[in-house]
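Residues per chain, in single letters:
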Amino acid sequence: MVLNYIWIAFFVIAFAIGAARLVLMGDTGVFPAMMDSTFASSKTAFEISLGLTGVLSLWLGIMKIGERGGMVSALSRLLSPVFTKLFPDIPKGHQATGSIFMNIAANMLGLDNAATPLGLRAMEQLQTLNPRKDTASNPMIMFLVLNTSGLTIIPVSILVYRAQMGAAQPTDVFVPILLATFFSTLAGIVATSVYQRINLLNRTLLLTLGGMCLAVAAVMWGFSRMDKDTMNLVSTSVANILLMTIITGFILAAARKRVNVYDAFIEGAKEGFATAVRIIPYLVAILVGIGVFRASGAMDMIVGGVRALVEACGGDSEFVGALPTALMKPLSGSGARGMMVDAMATYGADSFVGRLSCVFQGSTDTTFYILAVYFGSVGIRHTRHAVACGLLADLAGVIAAIAVCYMFF
């Protein structure tokens, strides 16, 4: 519903501004430019979706191999001590724990479309433990905030979009996204724990969160001692090595269990192909709306206003061009994706704005969309503190993304 209003607003505002420019300024080219943008944007959307088909098929195939080979189960057992502290109301060994982990694992690998069905399954299982069926339980809210904070280890789709848009090194945003999404997730966990009075000072969580903070601090310290070229080279190399290690590890684990790796891959790859086809109309719709909005001059007016405000306060306004992606992300994943692609197309995939828009896209998730879909699937009407905690995580991710990108790029 929110995206419906946003899409309508794009066209209504664009038409109003176009009419004003025509009447007040005699700009006869504004409406032809808006119409040209509809055709150009729809073509771009289809080409991007077509390019995603192969990569989505690859990664959903790899995920299926990891599932059959027991890697997902092994990681679930590894994280069990932490999960029992973050979700104290879930009985030990309950099936919801496995679904929660598989959902988070898919999100960590950047496979948003694979994560959604797993998340819906987890919500259904959590609802069986919920004493008040129309009100979100504590485990539900913690699970939702972990989703909306967008914890990502491998932002596959973003790397693919960067490759499609002609980036020289598509993986150069890998480490910045990892850092920004960490701060977003940490803020979400802390905020939710405060609301739910979860003791974060217990030994297990202190060691886990403290270890993660030290690791991130070490990464930031190490990169701060490098020049920008070395920083990009190292982050790109780490990303590629980690990606290849995960693929090989999943395959070897499955082969060790005598799984037919090829058949498992094909089964997952079929899901990837179907997913790529399903997103075509959504991407066409949002890119056309954004294209008309930008062609009318509306986006330039908003960005110009924010830039003037930042400069008046004495700040560096270079980041402002990427803000539309950050502002759209809590409302719509496809909308933010369209803003990200539009930023790369307008400023260049390897520009500061293009890279920052990618980090914005990877640092948080679609808060309102996730809340609506996940809670709506089990009939939750009272969301309690879910929205507040989710938006706090989003804000932390945006601030961290800007700071990290200034450090890297």
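Here the structure is a predicted model, which is why all the values come from computation and not from measurement.

Details of the overall build of the protein
- Within the protein one finds 17 helices and 0 strands.
- In the protein, of all internal contacts separated by at least 6 residues, the share reaching a separation of at least 24 is 80%.
- Of the roughly 18300 Å² of accessible surface on the protein, 67% is carried by carbon and sulfur atoms.

Some remarks on the pattern of salt bridges
- Evaluation of the coordinates by the stated rule reveals 4 salt bridges.
- Between E267 and R68 there is a salt bridge whose closest N-O contact spans 2.3 Å. Taken together, the residues E267 in helix α11 (residues 261-295) and R68 in helix α2 (residues 30-68) connect sequence positions 199 residues apart.
- Its relative accessible area of 33% is what places E267 among the partly exposed residues.

Section: the side chain of R355
- Locating R355 in the fold gives a position in helix α15 (residues 352-363).
- The exposure class of R355 is buried, given its relative accessible area of 15%.
- Within polar-contact distance, the side chain of R355 engages the backbone oxygen of D350 at 3.4 Å.

Here's the deal with the packing of α15 against helix α17 (residues 386-408)
- Running from N to C, α15 and α17 cross one another at 145 degrees; their axes reach a closest spacing of 9 Å. Crossing angle aside, the handedness with which α15 passes α17 is right-handed. On α17, the residues touching F352, L356, V359, F360 and S363 of α15 are G397, V398, A401, I402, C405 and Y406.
- When grouped by side-chain class, the residues that make up the contact of α15 with α17 number 9 nonpolar, 2 polar and no charged.

Some words on the packing of aromatic side chains
- According to the stated counting rule, one finds 4 aromatic pairs in the structure shown.
- Aromatic side chains F352 and Y406 sit 4.9 Å apart centroid to centroid with 40 degrees between the ring planes, which places their arrangement in the tilted category. Note that F352 is positioned in helix α15 and Y406 in helix α17, a separation of 54 residues in sequence.
- Taking relative accessible area as the criterion, F352 reaches 9% and is therefore assigned buried.

Quick notes on the nonpolar core
- F10, V173, F319, M340, L356, V359 and F360 are the most contacted members of the largest nonpolar core, which has 50 residues in total.
- The greatest single-element share of this core, amounting to 7 residues, is contributed by α17.
- Beyond its immediate chain neighbours, meaning those up to four positions away, M340 contacts I158, Y161, T325, S357, C358 and Q361.

So, α15
- A rise of 1.5 Å per residue sets the reference length of α15, with its 12 residues, at 16 Å; its end C-alpha atoms lie 16 Å apart and thus fit the reference within 8%.
- Burial runs high along α15: 12 of the 12 residues are buried.

Describing the side chain of R337
- As for its position among the elements, R337 is in helix α14 (residues 333-347).
- Among the polar contacts listed, one links the side chain of R337 to the side chain of Y161, at a separation of 3.4 Å.
- Every residue in contact with R337, bar those within four places of it in the chain, is listed here: Y161, L283 and Q361.

Here's the deal with the environment of K64
- Note on placement: K64 falls in helix α2.
- Looking at K64, the relative accessible area reads 13%, which means it is buried.
- As for K64 and G268, which are separated by 204 residues in sequence, their C-alpha atoms are 5.3 Å apart.
- Not counting the four nearest positions on each side in its chain, K64 is found in contact with A264, E267, G268 and E271.

Focus: helix α12 (residues 298-312)
- Taking 1.5 Å per residue as the helical rise, α12 with its 15 residues ought to reach 21 Å, and the 21 Å between its terminal C-alpha atoms agrees with that figure.
- A298, M299, V303 and V310 are the residues of α12 that are buried. All buried residues of α12 lie within an arc of 130 degrees about the axis, which places them on one face of the element. Away from its buried face by more than 90 degrees, α12 exposes M301, L309 and A312.
- Among the residues trailing α12, G314 stands out with phi positive, at a value near 85 degrees.

Let's talk about the state of the cysteines
- Enumeration over the complete set of coordinates arrives at 0 disulfides.
- Free cysteine: C405, not disulfide-bonded; nearest cysteine sulfur from C358 at 8.9 Å.

Side note on a nonpolar patch on the surface
- A grouping of L22, V23, L24 and M25 is seen on the molecular surface, where their side chains present a nonpolar patch of about 480 Å² in accessible area.
- As for its position among the elements, L24 is in helix α1 (residues 2-25).
- Under the relative-accessibility criterion, L24 is labelled exposed at 72%.

Observations concerning the confidence of the model for the protein
- When pLDDT is averaged along the protein, the result is 79, and 85% of the positions lie at 70 or above.
- Considering each helix and strand of the protein separately, the mean pLDDT is smallest for helix α5 (residues 112-127), with a value of 72, and largest for α15, with 88.

Thoughts on the packing of helix α8 (residues 174-196) against α17
- Here α8 crosses α17 at 150 degrees, and the two axes come no closer than 8 Å. Judged by the inter-axis angle, α8 sits roughly antiparallel to α17. Two packed elements cross with a definite hand, and for α8 against α17 that hand is right-handed. Counting all contacts with α8, which are made through V175, P176, L179, A180, F183, S184, A187, G188, A191, T192 and Y195, the residues of α17 involved are A388, C389, L392, A393, D394, A396, G397, A400, A401, V404, M407 and F408.
- Partitioning the contact of α8 with α17 into residue classes produces 18 nonpolar, 4 polar and 1 charged.

Criteria and thresholds
Residues numbered from 1 in each chain as written. Predicted model: local features only at pLDDT ≥ 70, side-chain atom pairs only at ≥ 80, totals over all residues. Heavy atoms only, no water. Helix = DSSP H or I, 4+ residues; strand = E, 2+ residues; numbered from the N terminus. Contact = heavy atoms within 4.5 Å. Areas by Shrake-Rupley, 256 points an atom, 1.4 Å probe, with all protein chains shown as cover. Salt bridge = Lys/Arg side-chain N within 4 Å of Asp/Glu carboxyl O. Buried < 20%, exposed > 50% of the residue type's maximum accessible area, 1.4 Å probe, protein only. Polar contact = N/O pair within 3.5 Å; in protein donor to acceptor, adjacent residues only side chain to side chain. Axes fitted to C-alpha atoms, helices over the stretch in contact; angles between N-to-C directions. Left-handed = near helix turned anticlockwise from the far one by under 90°. Nonpolar A, V, L, I, M, F, W, Y, C, P; charged D, E, K, R; others polar. Phe/Tyr/Trp six-rings, centres within 6.5 Å; stacked < 30°, edge-to-face > 60°. Core = buried A, V, L, I, M, F, W, Y, C linked by side-chain atoms within 4.5 Å. Expected span 1.5 Å × (residues − 1). Arc of directions from axis to C-beta. Disulfide = S-S within 2.5 Å. Patch = residues over 30% accessible without salt bridge, like charges linked within 9 Å, V, L, I, M, F, W, Y side chains within 5 Å. pLDDT = per-residue confidence, 0-100. Parallel < 35°, antiparallel > 145°, perpendicular 65-115°, else oblique.

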